[in-house]
Amino acid sequence: MELVDIGANLTHASFRDDLDTVLARAREHGVAQIVVTGTSVEESRCAAALAAVHGLYATAGVHPHHARECDDTTIPALRELAAHPQIVAIGECGLDFNRNYSPHPSQEKWFVAQLELAAELGKPLFLHSRDAHPRCAEILRNLRVGKAVAHCFTGEAAELRAYLDLGLYIGITGWICDERRGRHLVELAKDIPGDRLLLETDSPYLTPRDLQPRPKARRNEPAHLPHILRAVARARGEAPEALAAATTRNARAFFGIA
Ligand SMILES: [Zn+2]
């Protein structure tokens, strides 16, 4: 069984001391490829460097939390980063109306700028949207978004429908294992077409709440991806092996990786 973790924040400080062990554990658990998430220009640079050293892939983008830090140098810097062979998508970018760390107009401005960059470069888009439906879908529709994944999808049926209608792929994390806030995802998982589904851990965040035994440090890591695979397979009434094959095929086609 081979899996692709399409979103792991491996530049996070919690991986500084034992990244080699974490990556070895991921391989032991069948995680064949990992896409490291870039969340700011600086973090994207780190992600690209880390990907080059460890044979991983990465995204280059600015998370909506960091929109307020963007300036005239941001898009040229991302454009330059995107030329690195490890960079397989633009993002994560989008809207986050949950935490509101950056004002909405600034979030929208830099989301649109990154959408345009992805279109210019012909790169897929790694989209972050939290409590931003329907505005996010509206922007994607107006700008005729190309290939994109709604990473860490946690929304309701209407939001899922809007993204599927826009041709988006849907990234599912261990949120689906959360008996408090992920129950609706167990229902919705069946509604995602098999050729649009992707899996991710969003490490070190979103440790599946039903992991047994519970990891000592609460840190999530790519080795937990098979656990998420099994939860999604259960929700869809599919064999994990078949779902693994399908999601891996989807991920490789989406990012253009072998
Ligand atoms: Zn995100």
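Within each chain, residues carry numbers counting from 1 in the order of the written sequence. Only residues with pLDDT of at least 70 get local features here, since the model is predicted, and only at 80 or more are side-chain atom pairs given and counted; chain-wide, interface and lining totals rely on the full set of residues. Values reported for side chains reflect all heavy atoms of the structure, with hydrogen atoms and water molecules removed beforehand.

Once that is clear, we can look at the pattern of salt bridges. Any carboxyl oxygen of Asp or Glu that lies within 4 Å of a side-chain nitrogen of Lys or Arg is treated as forming a salt bridge with it. In total, this model carries 14 salt bridges according to the counting rule given. For E138, the salt bridge identified is with R135, shortest N-O distance 2.4 Å. With a gap of three residues between them, E138 and R135 both fall in helix α5 (residues 135–142), about one helical turn apart. For E221, the salt bridge goes to R219, with nearest N and O atoms at 3.5 Å. Under the scheme applied here, a residue whose accessible area is under 20% of the maximum for its type counts as buried, over 50% as exposed, and between as partly exposed, the area being computed with a 1.4 Å probe on protein chains only. By relative accessible area, which is 17% here, R219 ends up buried. Connected through salt bridges with shared partners, the residues D178, E179, R180, R181 and R209 form a single ionic network. Only runs of H or I of at least four residues qualify as helices and only runs of E of at least two qualify as strands under DSSP, and these elements are numbered from the N terminus.

Of note, the amide linkage connecting G91 to E92 takes the cis form, showing an omega dihedral of 5°. Cis rather than trans, the peptide bond between S203 and P204 has omega equal to 0°. By the secondary structure assignment, P204 is in the loop between β8 (197–199) and α8 (225–236). Residue N100 is not a glycine yet carries a positive backbone phi of 55°. Relative to the helices and strands, N100 resides in the loop between β4 (87–96) and α4 (104–121). One non-glycine residue with positive phi stands out, namely R144, at about 50°. Topologically, R144 is positioned in the loop between α5 and β6 (148–151). R144 sits in the exposed class, given a relative accessible area of 73%.

Let us now look at empty space enclosed by the protein. A pocket here means an open set of points on a 1 Å grid, computed over the protein atoms alone, that has protein on both sides within 12 Å along at least five of seven lines. A cavity is instead a set of points where a 1.4 Å probe fits but cannot get out; residues with an atom within 4 Å of a point line either one. Grid points are joined across faces, edges and corners, and a volume is the space filled by probe spheres set on the points. Throughout the structure, instances matching the rule amount to one cavity of 30 Å³ or more. The volume enclosed by the largest cavity comes to roughly 40 Å³. Taken together, L127, S129, A150, H151, C152, F153, E159 and Y163 make up the lining of the largest cavity. Counting only elements with at least two residues in the lining of the largest cavity, the list comes to β5 (125–130), β6 and α6 (157–165).

The next point concerns helix α1 (residues 19–28). Within α1, the full set of buried residues consists of L19, V22, L23 and A26. Along the axis of α1, the buried residues cluster in a sector spanning 95°; they form a single face. Opposite the buried face of α1, at more than 90 degrees from it, the exposed residues are D20 and E28. Any two residues having at least one pair of non-hydrogen atoms within 4.5 Å are treated as being in contact. Elements in contact with the buried residues of α1: β2 (31–36) and α2 (41–54). Here the arc refers to the set of directions running from the helix axis out to each C-beta atom.

It is a general feature of regular strands that their side chains alternate between the two faces of the sheet. Residue alternation in β6 divides its side chains into two sets, A148 and A150 and V149 and H151, and both sets are buried. Strands qualify as paired when DSSP identifies two bridges or more between them. In this sheet, β6 lies alongside β5 in parallel orientation, the contact comprising four bridges. Bridged to H128 within β6 is H151. With its strands directed away from the observer, a crossover is right-handed exactly when the path from the first strand over the helix to the second travels clockwise. Assessed by its sense of winding, the connection that carries the chain from β5 through α5 to β6 is right-handed. Bridge analysis of β6 against strand β7 (residues 169–172) gives two bridges, and the strand direction is parallel.

Attention now goes to the packing of aromatic side chains. Each aromatic pair joins two rings of Phe, Tyr and Trp (for Trp, the six-membered one) with centres within 6.5 Å, and gets the label stacked for planes under 30 degrees apart, edge-to-face for over 60, and tilted for any other angle. For the structure on display, the rule yields three aromatic pairs. Ring centres of F254 and F255 lie 4.8 Å apart, and the angle between their planes is 85°; this geometry places the pair in the edge-to-face category. The class for F255 is buried, based on a relative accessible area of 5%. The lysine or arginine in question, R181, covers the ring of W175, its NZ or CZ lying 3.8 Å from the ring centre. In our convention, an over-ring charge means Lys NZ or Arg CZ found within 6 Å of a ring centre and within 35 degrees of that ring's normal.

Bringing the side chain of H63 into the picture now. Residue placement: H63 occurs in the loop between β3 (57–60) and α3 (74–82). Among the polar contacts made by the side chain of H63, one reaches the main-chain amide nitrogen of H65 at a distance of 2.9 Å. Non-local contacts of H63, meaning those with residues more than four positions away in its chain, are made with T39, E92, D96 and H128. Contacts described as polar in this section are N or O atom pairs within 3.5 Å, which, within protein, must combine one atom able to donate a hydrogen with one able to accept it, while residues neighboring in sequence count only if both atoms come from side chains.

Okay, α6 next. Spacing of three or four residues puts side chains on the same side of an α-helix, whose turn is 3.6 residues. The complete set of buried residues in α6 reads E159, L160, A162, Y163 and L164. One or two positions beyond α6, positive phi appears at G167, with a value near 85°.

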